[in-house]
Amino acid sequence: MTVILEIFLYLAAGSFYWWWTQNLAFFGLAPNFIFASALCAAILAGPVKAVAWGFFLGLYADMLGVSVFGGYALTYSLMAYIVYVIKRHFDMDGFFSQLVAALSLSWICMLFYQGLSLVFFRINPTGLKIFLTEPFLNALAVPAVFQVFYRLKRRTGIL
Amino acid sequence: MSREKDAANYAIVFFAVLSVLLLIFPASKITHTARMAASYSLYPSLHYGAKYGYFVRNVPSNFLALFETDQENRALKDKIKELEVKLLNASALVSERDRIAGEMRLSRTLPWTGSWARIVNKTPSDWYGSFFIDKGSEDGIGVNDTVLGMQEDRAGLAGRVFEVYSRFSKVLLVTNSAASAVCAIAPSGIEALVEGKGTRLLRVNYVPEQSALAEGAEITTASGGLLFPAGVPVGRVAKVYPRESFMNFITADVTPAVDVNTLKEVFVVRRNLPKEVSAAAGAGWSEGDLPAGRQAQYNEQVAADRR
């Protein structure tokens, strides 16, 4: 049952991000709900599941993108592992720690993804505008998504 | 804790290797083609704006050609629908025009080249002499163009263009006392001169006395005339007058083929006559003056009769 619910949550997170970018993007800017979902899953889930969630959410992001297929999968997998390491030392349930983690990991992910692009395809898919603003949007999105995931975990036992 | 850490390490290694394999493997083309096919089946549109080329750069050209052909096909179908609607509207307009033409007893199937014009002014003091039409030199109207009217779905001679201005013209009616036309009388086809009288009727003149001129005979413009195209109905013989004692010709009243009182629009036939003819006509020349030989013959006959 939890597996079905997790698949549903996975698809819902990806679809919601797609819908948001299609309808509510403001000057091409929108919070990256796939990133937020991957981060929240990494905070809440165990290490294996967290990395798997990062990988599959990354694949979803790769499907939405137009190049470097596998780049987001690697990025979010590594992010999940980093979060697993960090959360052993810090309390990631708090609002402030989530905000800081989202802000810093957003930039780290972007830089890493751009590095991958340069390494594999020598293209730069992320503009300066997105690089400067999206981490803040993600920082705002993560606590909200965390609450959704947390409640789902408490009620259904997923993650 | 150690087992969890090991599991995490195995997981990250496994998924990292998988990701790198995906990165190394040229999967972008396949992925984006599949994604495009899936999205196109849900929402058949290729409008990505200015980034279109960037979005489709990984999609094989033959696959893209299929999508673009489908888009073209859809656009053409829309165009066909639009044109079908326009065709239906056009058919309705043609039907309406035919109905109105029928109501007004107009015919549009004339064998001459020209254009339709509306009568815009009639002069009460010159009722059977002339009127103005709303077409002029800007519309290609020229001096001495033949003017036809429609009577019961048949064209008939109404007159000729006498004066041309930029946007209107003056028509000299066939009923004008200064107007005349060389005509042929059915069934023999003998030529005679039809002249206006300044009244509702015309007069046919110079008909040889031995001719069998019967009431009701149809008169059409003759090929011997220069101003008017041959074969245009002019009228029918209404009353034949007995020969005058001093003349070898007989005359008759002719009911015009077109009643100028009922005309609302006319058809102006392009004549493109030589400049010399137009110049002569502009100086008051009418077709009555044209058959110079016949005029001389008439004068000689009158003189002989008087002797």
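Along each chain, residues carry numbers from 1 onward, in the same order as the chain's sequence is written. Working convention: letters from A go to chains and numbers from 1 go to ligands, in the order in which they are written. Residue-level local features of this predicted model are given only where pLDDT is at least 70; pairs of side-chain atoms are given and counted only at 80 or more, and the full residue set underlies all totals for whole chains, interfaces and linings.

J.: I would appreciate a short explanation of the overall build of chain A in the present structure.
T.: The numbering of helices and of strands both runs from the N terminus, where a helix is a DSSP run of H or I of at least 4 residues and a strand a run of E of at least 2. The helix and strand inventory of chain A stands at 6 helices and 0 strands. Sequence-ordered secondary structure for chain A, helices as α and strands as β, is α-α-α-α-α-α. Buried positions account for 45% of the 159 residues belonging to chain A. Throughout, a residue-residue contact means that the two C-beta atoms, derived from backbone geometry, are no farther apart than 7 Å. Counted over contacts in chain A with a minimum sequence separation of 6, partners at least 24 positions apart contribute 65%. To sort residues by exposure, count the other C-beta atoms lying within 10 Å of each residue's C-beta; 20 or more gives buried, 12 or fewer gives exposed, and values between give partly exposed, all with C-beta atoms placed from the backbone.

J.: Honestly, the overall build of chain B in this entry has me stumped. Any pointers?
T.: Check the secondary structure of chain B and you find 6 helices and 12 strands. Residues counted as buried form 30% of the 307 residues belonging to chain B. Taking the contacts inside chain B whose residues are at least 6 apart along the sequence as the reference set, 61% of them involve residues at least 24 apart.

J.: Just to check I follow, could you spell out the packing of helix α2 (residues 33-44) of chain A against helix α3 (residues 47-64) of chain A for this structure?
T.: Think of two packed helices as two axes; the pair is described by the angle between the axes and how far apart they sit. All names here are of chain A. Helix axes use the C-alpha atoms of the stretch in contact, all axes being lines fitted to C-alpha atoms, and the angles between their N-to-C directions lie in the range 0 to 180 degrees. In the contact formed by α2 and α3, the axes pass within 8 Å of each other and the chain directions differ by 175°. Considering the angle they form, α2 stands roughly antiparallel to α3. Where α2 abuts α3, its residues I34, S37, A38, A41 and A42 lie against A50, W53, G54, L57, Y60 and A61. Residues are grouped as follows: Ala, Val, Leu, Ile, Met, Phe, Trp, Tyr, Cys and Pro are nonpolar; Asp, Glu, Lys and Arg are charged; every other residue, Gly included, is polar. The class makeup of the residues in the contact of α2 with α3 is 9 nonpolar, 2 polar and no charged. For classification purposes, an angle smaller than 35 degrees is called roughly parallel, one larger than 145 roughly antiparallel, one from 65 to 115 roughly perpendicular, and anything else oblique.

J.: Would you explain unusual backbone geometry in this entry?
T.: Negative phi characterises most residues that are not glycine, and trans characterises most peptide bonds. Residue and element names in this part refer to chain B. In this model, A186 is joined to P187 through a cis peptide bond whose omega is 0°. For P187, the position within the fold is in the loop between β6 (180-185) and β7 (190-196). In the Ramachandran plot, N144 falls in the positive-phi region, its phi being about 75° despite a non-glycine side chain. Residue position: N144 is located in the loop between β2 (130-133) and β3 (146-151).

J.: Honestly, the nonpolar core in this entry has me stumped. Any pointers?
T.: Across soluble globular proteins, you tend to see nonpolar side chains buried next to one another. Buried Ala, Val, Leu, Ile, Met, Phe, Trp, Tyr and Cys residues form a nonpolar core when they are connected through C-beta atoms within 7 Å. Among the nonpolar cores identified, the biggest contains 57 residues, and A38, L39, C40, A41, A42, M79 and A80 of chain A are the most heavily contacted of them. Contributing elements (two or more residues each) for this core: α1 (2-23), α2, α3, α4 (71-87), α5 (95-120) and α6 (128-156) of chain A together with α1 (2-24) of chain B. For this core, the element with the most residues is α2 of chain A, which contributes 11 residues. When near neighbours in sequence (up to four residues on either side) are disregarded, A42 of chain A contacts A50, G54, M79, A80, V83 and Y84 of chain A.

J.: I'm lost on the sheet that holds strand β1 (residues 114-122) of chain B in this one. Help?
T.: Picture the strands of a sheet paired through backbone hydrogen bonds; they go either parallel or antiparallel. Residues and elements named next belong to chain B. Sheet architecture is closed into a barrel: 6 strands sit in the order β1-β2-β5-β4-β3-β12, paired in antiparallel fashion. Here the average twist between neighbouring strands, direction ignored, is 45°. Judged from the 3 bridges that link them, β1 and β2 form a sheet pairing that is antiparallel. Across the sheet, N121 pairs through a bridge with F132, a residue of β2. Think of it this way: DSSP has to see at least two bridges between two strands before they count as a pair.

J.: Looking at this model, I keep getting lost on the interface of chain B and chain A. Mind explaining?
T.: You'll often see interface size given as the accessible area lost when the parts meet. Residue-level contacts link 20 residues of chain B with 21 residues of chain A. Looking at the side of chain B that touches chain A element by element, the count peaks at 12 residues for α1 of chain B. The class makeup of the residues in the side of chain B that touches chain A is 13 nonpolar, 5 polar and 2 charged.

J.: Please clarify how the pairing of strand β8 (residues 202-208) of chain B should be interpreted in this entry.
T.: The side chains of a regular strand alternate between both faces of the sheet. Residue and element names in this part refer to chain B. In terms of strand pairing, β7 meets β8 through 4 bridges, oriented antiparallel. Across the sheet, V194 pairs through a bridge with V204, a residue of β8. From the end of β7 to the start of β8, which pair antiparallel, there are 5 residues, and G198 there has a positive phi angle of about 80°. Two strands pair when backbone bridges link them, and β8 and strand β11 (residues 249-256) are joined in this way by 5 bridges, in the antiparallel orientation. Bridge pairing in β11 links P208 to F249.

J.: Before we go on, may I ask you to explain the packing of α3 of chain A against α4 of chain A in this structure?
T.: Residue and element names in this part refer to chain A. Running from N to C, α3 and α4 point in directions that differ by 155°, and their axes come no closer than 7 Å. As summarised for this structure, α3 and α4 are arranged roughly antiparallel, according to the angle between their axes. Taken as a pair, α3 and α4 cross one another with a handedness that is right-handed. Facing P47, A50, V51, W53, G54, F55, L57, G58, L59, A61 and D62 of α3, the residues of α4 in contact are G71, Y72, A73, L74, T75, Y76, S77, M79, A80, Y81, V83 and Y84. Left-handed describes a crossing in which the near helix is turned anticlockwise from the far one by less than a right angle; the clockwise case is right-handed.

J.: How should I be thinking about the sheet that holds β8 of chain B in this particular structure?
T.: The antiparallel closed barrel is built from 6 strands, whose spatial order is β6-β7-β8-β11-β10-β9 (chain B). Shown here is a sheet whose adjacent strand axes are inclined to one another by a mean of 40°, direction ignored.

J.: Quick question: what am I supposed to make of the pairing of β3 of chain B here?
T.: Residue and element names in this part refer to chain B. With 5 of 6 residues buried, β3 lies mostly within the body of the structure. Judged from the 6 bridges that link them, β3 and strand β4 (residues 154-164) form a sheet pairing that is antiparallel. By the bridge assignment, Q151 is partnered in β4 with R154. The antiparallel pairing of β3 with β4 creates a hairpin that spans 2 residues between the two strands, and E152 there sits at a positive phi of about 50°. Bridge count between β3 and strand β12 (residues 265-269): 3 bridges; the pairing is antiparallel. Pairing of V147 across the sheet is with V268, part of β12.

J.: How do you make sense of the environment of A257 of chain B when you look at a structure like this?
T.: Counting through the fold element by element, A257 of chain B comes out in the loop between β11 and β12. On a C-alpha basis, the gap between A257 of chain B and R154 of chain B in space is 8.6 Å, while along the polypeptide they are 103 residues apart.

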